[in-house]
Amino acid sequence: MVSQEDIERLRELLARPAQNIVIVSHTNPDGDAVGSSLAWREALLEMGHRVTCIVPNKYPYFLDWMTGIENLVLFKTDEAGVARRAVEESDLIFFLDFNAVSRLEGLSEVIESNTTARRILIDHHLSPGPGFDLMFSCTGSSSTSFLIYRILEKMLGTQAITRSMAESLYVGMMTDTGNFSFSFLTPELYRAVAVLVETGIDIPTIHNNVYNAFTEGRARLFGYAINRKMEVIHNGTVAYMSLLESEMRRFQFQPGDSEGFVNYPLTIKSMKLSAIFVATHKFIRVSLRSRGGVDVDLFARKYFNGGGHRNAAGGKSFMTMRETIEHFKRSVAEFAAQGGLD
């Protein structure tokens, strides 16, 4: 998964002391993006480097409690230009939990303006894009946080993992595996968790902070989405939900409130594929989940200019919500006719 050759190349890149380093993660950062970034930031600081962590926009409010999260620079609201200056002055840029610079939207233009910084990708999604000087691209990893753990293990030894780093890594591993219920649940992952627990992290508290810290509006939005907006098609094997901006405003929507909604239809025994369409100012965000051999990465790439993993992927639609849903229905029919739902 993580080769010693790549570790040595990374060690060489980090050998010069006090470098200016930027860590960036994807738009709408989730637990894995935030957790891996915070843990890697702390490790790089311990090595003596100057580190700036940048995310394109706000992370979910249920991650507010995480140690060091106040150090994340939100590009969307960065009126002081901290992110731009950090990128311009950077010697190394780490790209965590996404596989193409284009996923950074407006921030991608700032990144592309620095043509001298070395670029290192640490990610677990399929089909990484070009333009990286070093890639830790491991599609068999359950999360980017697990990749960061393996890099730290090989490069510094597990004794270098502090309690705060362990806490951040555990959040990433936990959220990207659905609380350790899917996605590459290997013996190596559980051995990593054991090491994290040995640092003294409080797993019940972490779980409570992430999964039991929603607003009343989010709870009511979830009920509305399931009861009023879930549609089941294709003989009960495919479900989809849609949320308009006006509907989300009714329930005082905050970033992260719709996270996890797409998983719920898969609790229905006959269900093979689930989708949710969430409207934003510029486009409709498409989230896809599946089980078994139903490849939503392929589906997302073919029909929604997206991608991800076999059982968890996403994309975008620049059509209206009505047109997006009709396109989805036609796509499901075509996908099924080609054996995609078998």
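Residues numbered from 1 in each chain as written. Predicted model: local features only at pLDDT ≥ 70, side-chain atom pairs only at ≥ 80, totals over all residues. Heavy atoms only, no water.

1. Brief notes about the domain arrangement of the chain
Right, on to step 1. Each domain of the chain was delimited in the assignment, giving domain 1 (4–210) and domain 2 (216–338).
Right, on to step 2. Every contact between the two is made by 11 residues of domain 1 and, on the other side, 13 residues of domain 2.
Right, on to step 3. Each partner contributes to the roughly 1,000 Å² buried at the junction of domain 1 and domain 2, and carbon and sulfur atoms together form 50% of this total.
Right, on to step 4. In this structure, the connection of domain 1 to domain 2 is made through 1 salt bridge.
Right, on to step 5. A salt bridge links Lys 316 to Glu 105, with the shortest nitrogen-to-oxygen separation between them at 3.0 Å.
Right, on to step 6. Counting every contact that joins domain 1 to domain 2 gives 6 residue pairs in polar contact (both at pLDDT 80 or more).
Right, on to step 7. A per-class count over the side of domain 1 that touches domain 2 returns 4 nonpolar, 4 polar and 3 charged. (Domains from an automatic or database assignment. Contact = heavy atoms within 4.5 Å. Buried area = accessible area lost by both parts, 1.4 Å probe. Salt bridge = Lys/Arg side-chain N within 4 Å of Asp/Glu carboxyl O. Polar contact = N/O pair within 3.5 Å; in protein donor to acceptor, adjacent residues only side chain to side chain. Nonpolar A, V, L, I, M, F, W, Y, C, P; charged D, E, K, R; others polar.)

2. Comments concerning the sheet that holds strand β12 (residues 312–317)
Right, on to step 1. Read across the sheet, 6 strands follow the order β7-β8-β9-β10-β12-β11 without closing on themselves; strand pairing throughout is mixed. Looking along the sheet, the strands with just one partner apiece sit at the ends: β7 (231–233) and β11 (307–308).
Right, on to step 2. Relative to strand β9 (residues 273–279), strand β8 (residues 238–243) runs parallel, the two being bridged by 6 bridges. When the bridges of β9 are listed, Leu 243 appears paired with Val 278.
Right, on to step 3. Strand contacts of helix α12 (residues 321–337): β7, β8, β9, β10 (284–290) and β12, with the helix running at about 170° to β8, the strand carrying the most contacts. (Pairing = 2+ DSSP bridges. Helix = DSSP H or I, 4+ residues; strand = E, 2+ residues; numbered from the N terminus. Axes fitted to C-alpha atoms, helices over the stretch in contact; angles between N-to-C directions.)

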